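Remarks on the overall topology
Read off the chains here:
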Amino acid sequence: MAGPSSATATQVGNHPFLRAVAALSTLAGWCSAAMIVVAVGITCQMIFVRFVLNGSTVWQTEMVIYLVIGATLVGLPYVQRLRGHVNVDLIPLALPMRARRALAVLTLSLSIAIIGVMLWYGFDYWHFAWDRGWKSDTVWGVRLWIPYLALPVGFGLLMLQLIADLVGVLTGAEKPFGLEDN
């Protein structure tokens, strides 16, 4: 059974790039939390309209879905900054600091490459919806480029946070995987 992680939030020190990215990631986290709060409020309004007023709802379900998906994508960099993703640190803990640093550089580089591909295709999908004027096939008929914008924004901010994490490890501003030396 795993105990609490010894990893901490990313350290930025006086490095201006790391501080700027940390601020952007924190702002994204606040925006994500606001989207969740709005989605909960809309859900409550929808329940009231349907079951108390016995009315029909047109836009609420679709809006809640878009908000929750958007909150998930926009919240990615904040979770990365806080090291809130699933973390298996058995291998990094077993390695000496030099090998741990090399593993951190490798995993961050691979993560940046993978998120870069997702950003590329997310932007392409968003742009395609915007260029073609796609609308949802619902009564509300929302222009789909609006909710799809969460793809390039979320992945772009996550990639920026991963680059900041890599810069932090390479400059020594941050310990690899946020773990202290053995």
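I will try to describe carefully the structure that is included in this document. Not measured: the values here are computed from a predicted model. (Residues numbered from 1 in each chain as written. Predicted model: local features only at pLDDT ≥ 70, side-chain atom pairs only at ≥ 80, totals over all residues. Heavy atoms only, no water.)

Some thoughts on the layout of surface pockets
Each pocket or cavity is described by its volume, and for the largest pocket that value is around 520 Å³. Lining the largest pocket are 24 residues, with Q80, V86, N87, L108 and F177 positioned closest to its centre. Secondary structure elements with two or more residues in the lining of the largest pocket: helix 3 (76-81), helix 4 (90-94), helix 5 (97-132) and helix 7 (150-171). Counting residues per element, the lining of the largest pocket draws most heavily on helix 5, at seven residues. Residue composition of the lining of the largest pocket, by class: 15 nonpolar, six polar and three charged. Of the pockets and cavities examined, the second largest pocket occupies roughly 260 Å³. Contributing to the lining of the second largest pocket are 13 residues, with M35, Y66, I146, P147 and A150 lying nearest its centre. Mapped by element, the contributors of at least two residues to the lining of the second largest pocket are helix 2 (60-74), helix 6 (145-148) and helix 7. With five residues, helix 2 is the largest single contributor of residues to the lining of the second largest pocket. (1 Å grid on protein atoms, 1.4 Å probe; cavity = no way out; pocket = protein on both sides within 12 Å on 5 of 7 lines; lining within 4 Å. Points joined across faces, edges and corners; volume = space filled by probe spheres on them. Helix = DSSP H or I, 4+ residues; strand = E, 2+ residues; numbered from the N terminus. Nonpolar A, V, L, I, M, F, W, Y, C, P; charged D, E, K, R; others polar.)

Considering a nonpolar patch on the surface
A surface patch of nonpolar side chains, about 560 Å² in accessible area, is lined by I47, F48, F51, V52 and L53. Structurally, V52 is set in helix 1 (residues 16-52). (Patch = residues over 30% accessible without salt bridge, like charges linked within 9 Å, V, L, I, M, F, W, Y side chains within 5 Å. Areas by Shrake-Rupley, 256 points an atom, 1.4 Å probe, with all protein chains shown as cover. Salt bridge = Lys/Arg side-chain N within 4 Å of Asp/Glu carboxyl O.)

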